[in-house]
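Here's the letter readout for the chains.
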Amino acid sequence: MDPVLIYASVACLAVLMGLGALDKLRHFGLFEAAVGGYRLLPETLLRPFSVAFVAGEALAAPLLLWPASRQAGAVLTLAVLAVATAGIVLNLLRGRRDVDCGCSGLGESSAGLSWWLVGRNALLALLALAGGGWAGQSSRELAWVDGLTFFGATLALLGLYHAANQVIESHLKFQNMQKS
């Protein structure tokens, strides 16, 4: 895999993990309530789980940015994604779609859970696998133009992520309006 794509993948994931952790810290009470809304943990474990989840996100971000710790950051990112996705899948299988995902934008109301969120998380997991070096490495020398490509690719990935989230949220809100 081209090193610019690896760097763009890890930069995108680092931004998403870091911003996700910051949003959850800023609205920790709302995040803890969202975790409770999944109805997967006893009340006594909600706070410790919420703290550990946010800590995992916060730690993954810087680990992804340094080559020496990149694989550890990718593993931690995969763990965070696996836990979040498992919670979504378990609730969808139980028929519970009206749960705030707690993904991001905790200050706003969520339209609920969907299989689209599972797909989005799977794509993020693919980025983590690529960024962790499991998709193969390239020994190509980097040139100055690769800096521009890296910057553009990272912004494009972040833009696609944001656009996908908006489409998913709008789709879910539209479906909820049709049911009413």
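Predicted model only: the values in this text are computed from it and were never measured.

> For this particular structure, what's the right way to read the state of the cysteines?
Here a disulfide denotes one covalent bond, and it connects the sulfur atoms of two cysteines. For the structure shown, the criterion picks out 1 disulfide. The disulfide partner of Cys101 is Cys103, and the gap between their sulfur atoms is 2.4 Å. Like Cys103, Cys101 is buried. The thiol of Cys12 is not disulfide-bonded; the next cysteine sulfur, from Cys103, is found 15 Å away. A relative accessible area of 1% means that Cys12 is categorised as buried.

> When you look at the side chain of Arg120 in this model, what are you seeing that I'm missing?
Following the sequence through the fold, Arg120 ends up in helix H5 (residues 115-131). In this structure, Arg120 is buried with no salt-bridge partner, the nearest side chain bearing the opposite charge being Glu169 at 7.6 Å. In contact with Arg120, not counting residues within four places along its chain, are Cys103, Tyr161, Asn165 and Ile168.

> Where do I start with the packing of aromatic side chains in this structure?
What characterises a pair of aromatic rings is the spacing of the ring centres plus the angle enclosed by the ring planes. A full pass over the atoms with the stated rule returns 2 aromatic pairs. With centroids separated by 5.7 Å and ring planes inclined at 35°, the aromatic side chains of Phe31 and Phe53 adopt a geometry described as tilted. In this pair, Phe31 is assigned in helix H2 (residues 28-37) and Phe53 in helix H3 (residues 43-65), connecting sequence segments 22 residues apart. Judged by relative accessible area, which is 10%, Phe53 ranks as buried.

> Even after reading the chapter, I still don't get the environment of Gly131, so can you show me in this structure?
The topology assignment puts Gly131 in helix H5. A sequence separation of 92 residues divides Gly131 from Arg39, and the C-alpha atoms of the two residues are 33 Å apart. Filtering out sequence-adjacent residues up to four positions away, Gly131 remains in contact with Ile6, Ser9, Val10 and Arg70.

The rules we used
Residues numbered from 1 in each chain as written. Predicted model: local features only at pLDDT ≥ 70, side-chain atom pairs only at ≥ 80, totals over all residues. Heavy atoms only, no water. Disulfide = S-S within 2.5 Å. Buried < 20%, exposed > 50% of the residue type's maximum accessible area, 1.4 Å probe, protein only. Helix = DSSP H or I, 4+ residues; strand = E, 2+ residues; numbered from the N terminus. Lys, Arg positive; Asp, Glu negative; His and termini not counted. Salt bridge = Lys/Arg side-chain N within 4 Å of Asp/Glu carboxyl O. Contact = heavy atoms within 4.5 Å. Phe/Tyr/Trp six-rings, centres within 6.5 Å; stacked < 30°, edge-to-face > 60°.

Everything listed here is a matter of geometry and, on its own, says nothing about what the molecule does.
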